[in-house]
Every structure is written in structure tokens, then in C-alpha cells.
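# Observations on the three-dimensional arrangement
Below, each chain spelled out in residue letters.
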Amino acid sequence: MQVTHDAPLAPLTTFRLGGPARRLITARTDDEVVAAVREADRTGTPLLVIGGGSNLVIGDKGFDGTALHIATRGFSLDGTRLELAAGEVWSDAVARTVEAGLAGVECLAGIPGSAGATPIQNVGAYGQEVASTLTEVVAYDRRAEETVTLTGAECAFSYRHSRFKAEPDRYVVLRVRFELEDAGGMSAPIRYAETARALGVGPGDRVPVAAARETVLALRAGKGMVLDPDDHDTWSAGSFFTNPILDDTAYAAFLDRVRDRLGPDAAPPAYPAGEGRTKTSAAWLIDKAGFTKGYGAGPARISTKHTLALTNRGEATTEDLLALAREVVEGVRDAFGVTLVNEPVAVGVSL
């Protein structure tokens with residue numbers, strides 16, 4: 001494994017923000033990952049695990065401990081069974097499954113980051129989420145000090161949440177396994193209205209799996225959600241806030257605030273989220289609270305393509321980013337009584 005000291009972490013994140021780590025270990029095998037974790041635990045050294053860095057906000061002071069960059073590689077496809085090493089680039093893996101004519105993750109194309117991060121957030125987009133196809137996660141259990149295999153059910157998936165997120169210091173993901181679908185080169189049923197419209201089909205229809213992937217990539221690119229080093233709208237963590245889920249009482253109060261602010265006919269986006277719960281749109285809230293595309297005068301601004309992305313325009317610091325995030329949170333709370341929750345993991349800082 002490769003070990004460096006006082007190592008910059010900003011280049012390992014899609015925000016390109018954050019100070020250095022006291023020590024950086026780059027692990028290229030599962031055994032190296034486990035050895036690094038065990039060493040940190042044995043010595044009581046703080047440990048920060050980094051995959052693709054697409055869901056991290058690291059403080060300007062950096063990390064006073066060991067940062068472990070998981071750079072393992074491994075792509076194995078046996079029929080419809082897919083196994084990925086945690087360090088595999090997720091978007092590349094999706095492209096390879098589409099080339100094989102398999103369905104199940106094609107609408108997760110273009111999402112930055114590593115395969116090992118996908119079960120932590122229960123990554124989802126455009127009507128698909130990894131919980132639908134993931135069968136097993138192989139992880140190192142720091143509490144039991146052994147490698148374990150968890151079934152999809154044991155991962156306790158919910159909206160942008162999982163067992164791994166609930167116990168962030170317990171598991172280090174090593175491998176993820178999926179069961180995809182051979183639908184004769186066709187996609188899974190299209191569930192997301194925007195995707196269906198772009199494809200010219202109805203919800204529930206299937207299309208060639210490559211067409212689904214290409215359409216999602218185009219939609220994402222139009223929102224600045226496909227990494228491009230020359231486009232500062234992509235210097236972000238994608239969606240910075242999760243979509244709020246409100247119980248019936250909170251939702252009724254929210255509707256009252258919406259109508260008071262926007263008029264009696266205003267109707268915010270609303271999606272069923274389980275009995276007595278409704279999900280609404282963080283992007284809609286941000287926009288209607290006055291934070292439109294491109295908002296901001298400093299080096300950290302809202303994306304010019306999508307209100308849900310906060311971006312580094314090239315010279316920002318993490319504090320610049322957090323100042324903007326706090327302004328958005330406070331503005332949405334004042335306007336609608338809803339408190340937005342950040343999706344990226346904050347290291348050494350908080351909103």
C-alpha cells in the first residue's frame with residue numbers, strides 16, 4: 001500500500017475542497033484495506049474512509065488522522081450476477097452492465113463515486129436505487145474485527161439511508177453484489193416521469209437499455225450532474241440536500257406556509273413516502289425560497305444548471321461552501337418551516 005504524510009485531500013473529492021490528512025493510505029486490495037483499518041483501530045487513530053470522494057465535505061483544516069483511500073478494482077459478471085470491488089468507478093461499472101445488455105442499474109448512470117459507496121447512501125436516481133438489485137455487501141466489521149457478508153435485507157435500506165449510514169464507524173465496505181435482469185437487451189420498467197418523457201414512452205414501459213442510460217446521462221449533464229473538470233457546475237457533491245419527508249401534521253403546516261407565500265393555488269411536488277408520510281422536493285423549496293440557479297456572489301454558488309447543487313467556482317474554501325449552505329437552510333426554514341438536511345458527509349465541520 002502507498003503511504004504519504006500531510007497529504008492533500010481536496011484532489012480526492014469532487015468538490016476539490018478540504019485540507020490535508022496527517023497520513024494518507026492508498027489501498028489497492030481488500031487485504032490492504034482491512035490491514036489499514038485494523039492498524040488505525042489498534043492504535044486509536046481517527047480514520048476517514050474515502051472512495052470516489054463524491055459525497056464528502058472536508059473542513060479546511062483537514063483531517064488529523066489517517067485517511068484511507070480505497071482504490072481496489074474488480075468487476076465480475078456471471079450471467080446476471082455482478083460483483084464489484086468497493087473502489088470500482090461506479091459510472092464505468094454501469095456502462096459495462098449496459099454493454100452486456102443487462103437491466104437494473106442503467107438509470108444510475110453518470111453518478112460519480114465508487115461502487116462501495118452505493119449501499120451506504122442507498123444511491124438512487126431517475127426511478128432506480130441500488131436497494132432494488134443489491135443482494136449482498138461484503139464488509140469489514142470493525143466491532144467484530146472480522147469480514148462479514150450482509151444480505152440486502154440486513155442492510156436495512158430506506159430513502160438515502162442504510163445500516164452502514166446508521167453505524168458509520170462500524171463497517172468498511174469491501175465488495176458489493178447485485179442481481180441484474182436479462183430482459184433481452186431492454187431496460188427495467190421506466191419509473192421516473194422525466195425519463196419517460198425524454199424517451200417518449202409511458203411510465204412502466206421498457207426501452208433498449210442503452211437508450212435508457214444515454215437519456216439519463218443527457219438529463220444529468222443538463223443539470224451539471226456528470227463530472228467535467230472544465231465545468232464548475234460539476235465541482236459539487238451532486239444533490240447537496242435530501243428531499244424532505246414530512247408526516248401528515250408537518251405536511252399540512254407546510255402546505256399552509258406554501259399557500260401563504262405563493263398563493264392559494266400553489267401546489268408543491270408531493271410523492272407518497274409510506275403511510276402518513278409525504279416526500280417533497282428540496283430543489284423546489286430552494287428555488288421558491290429565492291435561491292435560484294446561479295445564486296451567490298462569492299466563490300461558492302448554487303449551480304447555474306440545478307438549484308440542488310452547491311458548487312465550487314474554482315477558488316472556494318469549505319467555509320465558503322458552508323456559509324452558502326447555511327444561508328439556504330435558513331432561508332428555506334424561514335419561508336416554509338422545513339429544515340433541509342445535507343446529503344454529503346461532513347468531516348471536521350457541520351452546518
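Residues numbered from 1 in each chain as written. Predicted model: local features only at pLDDT ≥ 70, side-chain atom pairs only at ≥ 80, totals over all residues. Heavy atoms only, no water.

### Overview of the sheet that holds strand β5 (residues 63-70)
Ordered by their spatial adjacency, four strands build an open sheet running β1-β2-β5-β3, and the pairing between neighbours is mixed. Whereas interior strands pair on both sides, the edge strands pair on one side only; in this sheet they are β1 (2-8) and β3 (47-50). Neighbour-to-neighbour, the strand axes of this sheet turn through a mean angle of 25°, independent of strand direction. Direction of pairing for β3 relative to β5: parallel, over a ladder of four bridges. When the bridges of β5 are listed, I50 appears paired with H69. With respect to the sheet, helix α1 (residues 30-43) is in contact with β2 (20-27), β3 and β5, its orientation differing from that of β2 by roughly 145°. (Pairing = 2+ DSSP bridges. Helix = DSSP H or I, 4+ residues; strand = E, 2+ residues; numbered from the N terminus. Axes fitted to C-alpha atoms, helices over the stretch in contact; angles between N-to-C directions. Contact = heavy atoms within 4.5 Å.)

### A closer look at the packing of aromatic side chains
Applying the stated criterion across every chain yields a total of nine aromatic pairs. Between F15 and F240 the ring centres are 6.3 Å apart and the planes differ by 70°, which places this aromatic pair in the edge-to-face class. With F15 in the loop between β1 and β2 and F240 in the loop between α6 (209-222) and β13 (245-247), the pair connects residues that are 225 residues apart, well separated along the chain. By relative accessible area, which is 1% here, F15 ends up buried. Ring centres of W90 and F178 lie 5.7 Å apart, and the angle between their planes is 45°; on these two criteria the pair is classed as tilted. Of this pair, W90 sits in helix α2 (residues 90-99) while F178 sits in strand β12 (residues 171-179), placing them 88 residues apart in sequence. Assigned by exposure class, W90 and F178 land together as buried. Through a chain of ring-to-ring contacts, the aromatic side chains of Y251, F254, W284 and F336 assemble into a single cluster. Positioned above the aromatic ring of W235, the side-chain terminus of R16 is 4.1 Å from the ring centre. One Lys or Arg, R261, reaches over the ring of F336 and ends 5.7 Å from the middle of that ring. (Phe/Tyr/Trp six-rings, centres within 6.5 Å; stacked < 30°, edge-to-face > 60°. Buried < 20%, exposed > 50% of the residue type's maximum accessible area, 1.4 Å probe, protein only. Lys NZ or Arg CZ within 6 Å of the ring centre and 35° of its normal.)

### Concerning the sheet that holds strand β6 (residues 75-78)
The antiparallel open sheet is built from five strands, whose spatial order is β6-β7-β12-β10-β11. Of all strands in the sheet, those with a lone pairing partner are β6 and β11 (146-151), marking the two edges. On average, each strand axis in the sheet is tilted by 15° relative to the strand beside it, whichever way the strands run. Pairing of strand β10 (residues 134-141) with β11 involves six bridges; the strand directions are antiparallel. Following the sheet pairing, A139 is matched in β11 by V148. The strands touched by α1 within the sheet are β10, β11 and β12, with β12 carrying the most contacts at an inclination of about 150°.

### Thoughts on the side chain of S281
Looking at the element boundaries, S281 is found in the loop between β15 (277-279) and α8 (282-288). For S281, the side chain forms a polar contact with the main-chain nitrogen of A283, separated by 3.3 Å. Once residues lying within four places of it in the same chain are set aside, the contact partners of S281 are N243, P244 and P269. (Polar contact = N/O pair within 3.5 Å; in protein donor to acceptor, adjacent residues only side chain to side chain.)

### Observations concerning helix α9 (residues 318-336)
Given a rise of 1.5 Å per residue, 19 residues ought to cover 27 Å, and the 27 Å separating the end C-alpha atoms of α9 matches this to within 8%. Every buried residue of α9 is accounted for by T318, L321, L322, L324, A325, V328, V329, G331, V332, A335 and F336. Those residues of α9 that are buried lie in contact with β4 (56-58), α7 (248-262), α8, β16 (300-302) and β17 (310-312). Looking one or two residues past α9, G337 carries a phi angle of roughly 70°, positive in sign. (Expected span 1.5 Å × (residues − 1).)

### Concerning the layout of surface pockets
Here the second largest pocket is characterised by a volume of approximately 230 Å³. Lining the second largest pocket are 19 residues, with G52, G87, V89, G113 and S114 sitting closest to its centre. Of the residues that constitute the lining of the second largest pocket, the class distribution is seven nonpolar, ten polar and two charged. (1 Å grid on protein atoms, 1.4 Å probe; cavity = no way out; pocket = protein on both sides within 12 Å on 5 of 7 lines; lining within 4 Å. Points joined across faces, edges and corners; volume = space filled by probe spheres on them. Nonpolar A, V, L, I, M, F, W, Y, C, P; charged D, E, K, R; others polar.)

### What about empty space enclosed by the protein?
Considering all chains together, one arrives at one cavity of 30 Å³ or more under this definition. By volume, the largest cavity is sized at about 60 Å³. Class assignment of the residues belonging to the lining of the largest cavity gives a composition of four nonpolar, five polar and one charged.

### Quick notes on the pairing of β2
Most of β2 is tucked away, with six of its eight residues classed as buried. Across six bridges, β2 lies against β5 in parallel orientation. Residue pairing in the sheet places A21 in a bridge with F63 of β5.

### A word on the pattern of salt bridges
Applying the stated criterion across every chain, the model contains 18 salt bridges. When the shortest N-O distance is used, the salt bridge between R175 and D30 registers 2.9 Å. Highlighted residues: R175 in strand β12 and D30 in helix α1, separated in sequence by 145 residues. For R175, the salt bridge identified is with E83, shortest N-O distance 3.3 Å. Taken together, the positions of R175 in strand β12 and E83 in strand β7 (residues 81-85) put the pair 92 residues apart, joining distant regions of the chain. Through salt bridges with shared partners, a single network forms among D30, E83, E136, R175 and R177. (Salt bridge = Lys/Arg side-chain N within 4 Å of Asp/Glu carboxyl O.)

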